[in-house]
Amino acid sequence: MLLAGGQGSRLYVLTENMAKPAVPFGGKFRIIDFPLSNCANAGIDTVGVLTQYRPLELNRYIGSGQPWDLDRADGGVHILPPYQSAGGASWYKGTANAIFQNIGFVDMYDPEYVLILSGDHIYKMNYAKMLAHHKKAGADCTISVMEVPWEDAPRFGIMNVDENDTITEFEEKPAHPKSNLASMGIYVFTWKKLREYLIEDESDEASSNDFGKNIIPKMLQNGEKMAAYRFSGYWKDVGTLDSLWDANMDMLATGSGLDLLEKDWPIYGRSVSAPPAYLGQNAHVKHSVVARGCTVEGEAENSVLSERCTVEEGASVQYSILMPGAVVKKDARVSYAIIGENGVVGEHAFVGAPPEAVPPEQWGITVLGPGAAVADDYVLPANRMRSVDGKETVR
C-alpha cells in the first residue's frame, strides 16, 4: 500500500498542481518510480496507490502500471482515491485512516502480510529481504530504520532497540535521543494484527489516525512484537526543495550511493515519446544528465536536463535542475536553481547564484515554478522563488 496523497507543501510552487510523488526527478523519472520499481524488483505484484491531493498527473502517469510490470488481470496496480461510503464522504485524515478506508481492498486479496510505503522517498530497497526479516523475527510489525548522524536524530522518529533489534521504545523527534536509528516510514505488518489496530484507532475520536503518532505507539504499549530492519543504502526524503536538489546532485556524484545505471536493480519509468537529444556545434555538456528531446546549443555543467528542455546558444546552466519542457534562452545564466516544468528563462536573464557570490545568510537554491517565466535581462537572485502568476518571494 503506497501512500501517495501528500500535498508536498514544503516543495511550494512545484506541487501547486500535482501531488509530490509526481514531481520529476533525475531527468527521466518521477519520485513515485522508486517505490514502484522496488516493488517490481522485489516480486510484489499487487500494489494499491492511495491518492488524494491533485491526483490527475499522478493517475495519468501510473496508468495501467505497464512500465513496472503491474498491468495484470489479477493484482497489478490500483489507484485508490477517497470515496463516499454509506457513512458519508471523507478525505484521508491520516496515514492510518487511509489504510483503514481501504480495508475492503486489502481483504479482497486476503494477504498474510502488508507493506506500507511512502511515495516521496528516493532509494532502492529489496522489500523481500525486509519481509524475510519480519517472518524470521516472528514480528507483528517490522519498521525499516537507518542510522543517521547523532546531530540529525532529533529531526526523526527514533527507534530504541535491544540486542536482537527488537524495538523497545519509539521517540518522536526527541530532544535527547537514546539512539540514532531513524524510522524510514516503511512498515511490514501482519495483516490480521494491523486490521485490528486500524479498526480500534478509527473508533478513537482523539486519534490523529497516523502510523507514527498512534498505531506504532499503541502496538508497543500493548506489548506486540516489533522488529527493526536495518537499511544501509542510499535513502532521502525529498520533501523539501533543498533535499530534492541534493538528491538530483547525488545522482551525478560518484560514490553517493545513488546509482541509476545499476542493471541488477533498475528504476523503471514511463517512456517519453521524443527524439534523441541534440547537442549543437558549440554546445558544451559536462557531468550532466541530458534526457530525450533536449536541444542544447549552450552550456550545461553538473546539471540535470529533463525531457524536451532547451538551452539556447550562449546560455549557461550550472548545478541546476531543468524539469520537462524548461527553456533557457540565449545568453541567460542559470546557477544553483530548479526550473519547473515549462518554465522559461528569458534572454540575458540571471536565475540563481553560486554560494560564493552572495553572503552565506542570503544564499539558497532559486526556484522558478512550473509554467513561470523570467523576462529578458531580469535577475532572479539566490534563495528566491517565483510562481506562474509572477509572485516572487524569499524562500
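Residues numbered from 1 in each chain as written. Predicted model: local features only at pLDDT ≥ 70, side-chain atom pairs only at ≥ 80, totals over all residues. Heavy atoms only, no water.

1. Brief notes about the overall build of the protein chain
Step number 1: Regarding its fold elements, the protein chain presents eight helices and 32 strands.
Step number 2: Here the protein chain has a C-alpha radius of gyration of 22 Å; the compact-globule value for 395 residues is 21 Å, and the two agree.
Step number 3: When contacts within the protein chain are restricted to residue pairs at least 6 apart in sequence, long-range pairs at least 24 apart make up 55% of them.
Step number 4: Counting only carbon and sulfur atoms, one obtains 48% of the accessible surface of the protein chain, whose full area is about 17700 Å². (Helix = DSSP H or I, 4+ residues; strand = E, 2+ residues; numbered from the N terminus. Rg over C-alpha atoms; globule rule 2.2 N^0.38 Å. Contact = heavy atoms within 4.5 Å. Areas by Shrake-Rupley, 256 points an atom, 1.4 Å probe, with all protein chains shown as cover.)

2. Some thoughts on the packing of aromatic side chains
Step number 1: For the structure shown, the criterion picks out eleven aromatic pairs.
Step number 2: Measuring from centroid to centroid gives 4.9 Å for Tyr-319 and Tyr-336, while their planes differ by 10 degrees, and the two rings are stacked. Taken as a pair, Tyr-319 in the loop between β21 (316–318) and β22 (321–322) and Tyr-336 in the loop between β24 (333–335) and β25 (337–339) lie far apart in primary sequence, 17 residues in all.
Step number 3: Among the aromatic residues, those joined into a cluster by ring pairs are Trp-245, Tyr-319, Tyr-336 and Trp-363.
Step number 4: Against the face of Tyr-378 rests Arg-386, its NZ or CZ located 5.2 Å from the ring centre. (Phe/Tyr/Trp six-rings, centres within 6.5 Å; stacked < 30°, edge-to-face > 60°. Lys NZ or Arg CZ within 6 Å of the ring centre and 35° of its normal.)

3. Here we look at the sheet that holds β25
Step number 1: One open sheet accounts for seven strands, arranged β16-β19-β22-β25-β28-β31-β32; its pairing is mixed. Both edges of this open sheet fall to β16 (289–290) and β32 (392–394), since each of them pairs with a single strand only.
Step number 2: The pairing of β25 with strand β28 (residues 366–368) spans three bridges and is classified as parallel. Within β28, the position partnered with Ala-337 by the bridge is Thr-366. (Pairing = 2+ DSSP bridges.)

4. So, the nonpolar core
Step number 1: One finds Phe-25, Ile-32, Tyr-127, Ile-186, Leu-244 and Ile-338 to be the most contacted residues of the largest nonpolar core, which totals 65 residues.
Step number 2: Secondary structure elements with two or more residues in this core: α1 (33–42), β4 (46–50), α2 (56–62), β6 (113–118), β7 (121–123), α5 (127–137), β11 (181–190) and α8 (241–252).
Step number 3: Residue contributions to this core peak at seven residues, all from α8.
Step number 4: Each residue touching Tyr-127, except ones within four places of it in the same chain, is listed here: Pro-35, Asn-38, Cys-39, Ala-42, Ile-44, Leu-115, Leu-117 and Ile-186.
Step number 5: Formed by 33 residues, the second largest nonpolar core is a distinct cluster that contains Ile-99, Ile-143, Met-159 and Leu-198. (Core = buried A, V, L, I, M, F, W, Y, C linked by side-chain atoms within 4.5 Å. Buried < 20%, exposed > 50% of the residue type's maximum accessible area, 1.4 Å probe, protein only.)

5. Remarks on the sheet that holds β21
Step number 1: Strand order in this open sheet of six strands is β15-β18-β21-β24-β27-β30, and the pairing throughout is parallel. Of all strands in the sheet, those bounded by a partner on one side alone are β15 (284–286) and β30 (379–380).

6. Some remarks on α1
Step number 1: With eight of its ten residues buried, α1 lies for the most part within the structure.
Step number 2: All of the buried residues in α1 are Asp-33, Phe-34, Pro-35, Leu-36, Ser-37, Asn-38, Cys-39 and Ala-42.
Step number 3: Looking one or two residues beyond α1, the residue adopting positive phi is Gly-43, at roughly 85 degrees.

7. Topic: the layout of surface pockets
Step number 1: Taken as a whole, the largest pocket holds about 1600 Å³ of empty space.
Step number 2: Surrounding the largest pocket, 48 residues form its lining, Arg-10, Ser-118, Asp-120, His-121 and Asp-237 being those nearest its centre.
Step number 3: Elements supplying a minimum of two residues to the lining of the largest pocket: α3 (95–100), β6, β9 (157–161), β10 (167–172), β11, α7 (211–221) and β13 (235–237).
Step number 4: Looking at the lining of the largest pocket, its residues break down into 18 nonpolar, 18 polar and twelve charged.
Step number 5: Taken as a whole, the second largest pocket spans an internal volume of roughly 480 Å³.
Step number 6: Lining of the second largest pocket is provided by 21 residues; of these, Ile-44, Thr-46, Tyr-113, Val-114 and Leu-115 occupy positions nearest its centre.
Step number 7: Among the elements of the structure, α1, β4, α4 (103–109), β6 and α5 are those that each provide at least two residues to the lining of the second largest pocket.
Step number 8: For the lining of the second largest pocket, the element with the highest residue contribution is β6, accounting for four residues.
Step number 9: Within the lining of the second largest pocket, the residues separate by chemical class into 17 nonpolar, three polar and one charged. (1 Å grid on protein atoms, 1.4 Å probe; cavity = no way out; pocket = protein on both sides within 12 Å on 5 of 7 lines; lining within 4 Å. Points joined across faces, edges and corners; volume = space filled by probe spheres on them. Nonpolar A, V, L, I, M, F, W, Y, C, P; charged D, E, K, R; others polar.)

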